[in-house]
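Observations on chain architecture
The chain contents come next:
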Amino acid sequence: MGVFECGRKGCNNIMCDRVPDEHGYICGDCFNELVSLGVTVNIELFMICKPVNTKESCSYYNEIFKKKGKIIMRVEKNSKIYTVIKQTEDEVLVEDEFDFEQPPFKRKIQMWWSLKYCKIIKEE
Ligand SMILES: [Zn+2]
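Since the structure is predicted, the reported quantities are computational estimates derived from the model, not experimental observations.

A word on the overall build of the chain. For the chain, the helix and strand inventory stands at 3 helices and 5 strands. For the chain, the α and β elements follow one another from N to C terminus as α-α-α-β-β-β-β-β. Residues classed as buried in the chain amount to 10% of the 124 residues present. The long-range share in the chain, meaning contacts at least 24 apart out of those at least 6 apart in sequence, stands at 29%.

Buried residues are scarce in strand β5 (residues 119–123), accounting for 0 of its 5 residues. Two strands pair when backbone bridges link them, and strand β1 (residues 70–77) and β5 are joined in this way by 4 bridges, in the antiparallel orientation. Each bridged residue has a counterpart across the sheet, and for Glu-76 the counterpart in β5 is Lys-119.

All right, on to the pairing of β1 then. On a regular strand, one side chain projects to one face of the sheet and the next to the other, so that they alternate. Examined bridge by bridge, β1 and strand β2 (residues 80–88) share 7 bridges and lie antiparallel to one another. By the bridge assignment, Val-75 is partnered in β2 with Tyr-82.

Within the largest apolar cluster, 6 residues are counted, these being Cys-6, Cys-16, Tyr-25, Ile-26, Cys-27 and Cys-30. Apart from residues lying up to four places away in sequence, Cys-30 is in contact with Cys-6, Arg-8, Cys-11 and Pro-51.

Moving on, we get to the confidence of the model for the chain. Of all residues in the chain, 74% attain a pLDDT of 70 or more, and the chain-wide mean is 78. The lowest-confidence element of the chain is strand β4 (residues 106–110), averaging 46 in pLDDT; the highest-confidence one is helix α2 (residues 43–48), averaging 95. Contacts from residues 98–113, a stretch scored under 50 in pLDDT, to residues over four places away or in other chains number 17 contacts.

The subject of this paragraph is the environment of Thr-83. Structurally, the position occupied by Thr-83 is in strand β2. The partly exposed category is assigned to Thr-83, around which 19 C-beta atoms lie within 10 Å. When the C-alpha atoms of Thr-83 and Met-73 are compared, they prove to be 6.2 Å apart, with 10 residues separating the residues in sequence.

About the thresholds
- Residues numbered from 1 in each chain as written.
- Predicted model: local features only at pLDDT ≥ 70, side-chain atom pairs only at ≥ 80, totals over all residues.
- Helix = DSSP H or I, 4+ residues; strand = E, 2+ residues; numbered from the N terminus.
- Buried ≥ 20, exposed ≤ 12 C-beta atoms within 10 Å, placed from the backbone.
- Contact = placed C-beta atoms within 7 Å.
- Pairing = 2+ DSSP bridges.
- Core = buried A, V, L, I, M, F, W, Y, C linked by C-beta atoms within 7 Å.
- pLDDT = per-residue confidence, 0-100.

Structure, rendered in structure tokens:
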């Protein structure tokens, strides 16, 4: 068995099991990425673009398309009701439920720092 290096720029995979064409070999990862882009892709351009770093692009798009957090409780502070949403282990989002004038104000707070001054109305 020889070494069949992926012909894509920046890809270090060496076990390509597809018959090479004018673009050279392509590894399974790059092939799957190419397939996911659809059939209108310029293969030559694709072969000179670095492979996607899935982890990096995942954290990039996670910031843009945030996952809905889990509502953990409703609290009252200064006669206003807030919904407390747990986003991650140490990130909590507080939404003002009664501010209809503007989109709900959302702010990240450090875990529990301001909640200790709130009255818990309902734990979910
Ligand atoms: Zn590759």
